[in-house]
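Residues per chain, in single letters:
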Amino acid sequence: MKLAVVGGGSTYTPELIDGFARLRDELPVTEVALVDPDASRLDLVGGMARRMLARAGHPAKVTATASVPEGVAGAQAVLLQLRVGGQAARDVDETLPLECGCVGQETTGAGGLAKALRTVPVVLDIAEQVRRHAPGAWIVDFTNPVGIVTRALLEAGHRAIGLCNVAIGFQRRFAAALDVAPERVSLGHVGLNHLTWERSVLLDGVDVLPRLLDEHGEEIARDVGLDAALIRRLGVVPSYYLRYFYEHDRVVAEQRARPSRAAEVAAMEARLLELYADPAVDTKPELLGERGGAFYSEAAVALIASLLGDRGDTQVVNLRNDGALPFLPREAVVEVPATITAAGAEALPVDPVEPLHAGLIAHVTAYETLALEAALHGGEERVADALLAHPLVGQASLSGDLARRLVEANRPHLPWAAGA
């Protein structure tokens, strides 16, 4: 079984390799092809991946190439984990909106839109190469903003599913709090990528969310950056990303008072690459746990194993709505539990969504529709419209100013703006 990882030079990749090594019985990989245009990173990460697999006694070979056609040829699944513009572009995503009084974040708000503008055309080009050189392969998208990118892939007719680590992270935290095996815990997870709520936590089919909130409310609140009183009043657990909506002004003040997350991650990546360069290092460094993406490898392995093995189990993924949330367009991409088989993902029935959540979900879905239009067709006015529709921006003069700034800052990555 060959798997290709586009963006294989990422410092995340050893996390994925660690999952392949630990879960070899679940996913019998024979080749991991790392694809990345950065030859120096590819050399370091590829060497680290080979040492990790060798230490684990895993027979899979690791290949490395800058060529997408060469890397994906013959693959059964292709994972996308790329970052167009690198951490430098992310730093702009996180700092430019702050100049206008808006949250600076790489996957939502103005920063998330900038990332979508850069990323969607590149991902679609890669997907077309997958279609030509690995027909029938599944594309698993971990590239943010996952909801918008996955929708672009699906609307272009690709065999694609979006993946995020938020749900599996909650499952593992709740299981630890309950002192039970994670497999016994399932979530009433609903929303859009990076805009989700846990409305139930089932332990062997029995909802224990009220117990968790009663016994672990303070700890959960710290994890998601919100007040425990708010979470208990709502009776749900919002994802950390809801903090940007529920506590916008507080977050802006905090972000202005410290270096950007991109700056922190860039320094961390430099240290990780030094470790990867050391031929004596053959296990996942502890520092990688601070990089983000916890349980990414477990989620990816589980999804690929179910797609290729037709397991019919339940996992939380990003997929076409098709009526799962009836107040959204069918073509919207939602993040809900789904049955995973060789045919793809089919959403499980979702209980009616409360107006408090449904209103925000619908609002952000409208933004994502406009964001995709801007990413596909370009134009500063389309960018401004998407910003005007986003609840974290939503003002005409602000949207116009931010659109101009975003286009200018990202011009090298936007072919439609290059000559403007």
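Rules used throughout
Residues numbered from 1 in each chain as written. Predicted model: local features only at pLDDT ≥ 70, side-chain atom pairs only at ≥ 80, totals over all residues. Heavy atoms only, no water. Helix = DSSP H or I, 4+ residues; strand = E, 2+ residues; numbered from the N terminus. Rg over C-alpha atoms; globule rule 2.2 N^0.38 Å. Buried < 20%, exposed > 50% of the residue type's maximum accessible area, 1.4 Å probe, protein only. Contact = heavy atoms within 4.5 Å. Areas by Shrake-Rupley, 256 points an atom, 1.4 Å probe, with all protein chains shown as cover. Pairing = 2+ DSSP bridges.

Participant: Sorry, what's going on with the overall build of the protein chain here?
Facilitator: Helix and strand counts for the protein chain come out as 16 helices and 13 strands. Against the compact-globule benchmark of 22 Å for 420 residues, the protein chain has a radius of gyration of 21 Å, which places it among compact chains. Seen along its three principal axes, the alpha-carbon backbone of the protein chain occupies a region of about 60 × 55 × 40 Å. Classification of the 420 residues of the protein chain by burial places 58% in the buried group. In the protein chain, once contacts between residues fewer than 6 apart in sequence are set aside, the share between residues at least 24 apart is 67%. Here the protein chain displays about 16,500 Å² of accessible surface, and carbon together with sulfur accounts for 52% of that area.

Participant: Hey, could you run me through the pairing of strand E13 (residues 344-347) in this one?
Facilitator: A regular strand carries its side chains on alternate faces of the sheet. By the bridge criterion, 4 bridges tie strand E12 (residues 333-341) to E13 in an arrangement that is antiparallel. Paired with threonine 341 across the two strands is glycine 344, which belongs to E13. Connecting E12 to the antiparallel partner E13 that follows it, the hairpin turn spans 2 residues.

Participant: Help me understand the environment of alanine 167 in this model?
Facilitator: Counting through the fold element by element, alanine 167 comes out in helix H7 (residues 166-178). Spatially, the C-alpha atom of alanine 167 lies 16 Å from that of glycine 225, the residues being 58 residues apart in sequence. When near neighbours in sequence (up to four residues on either side) are disregarded, alanine 167 contacts Leu187, His189 and Val316.

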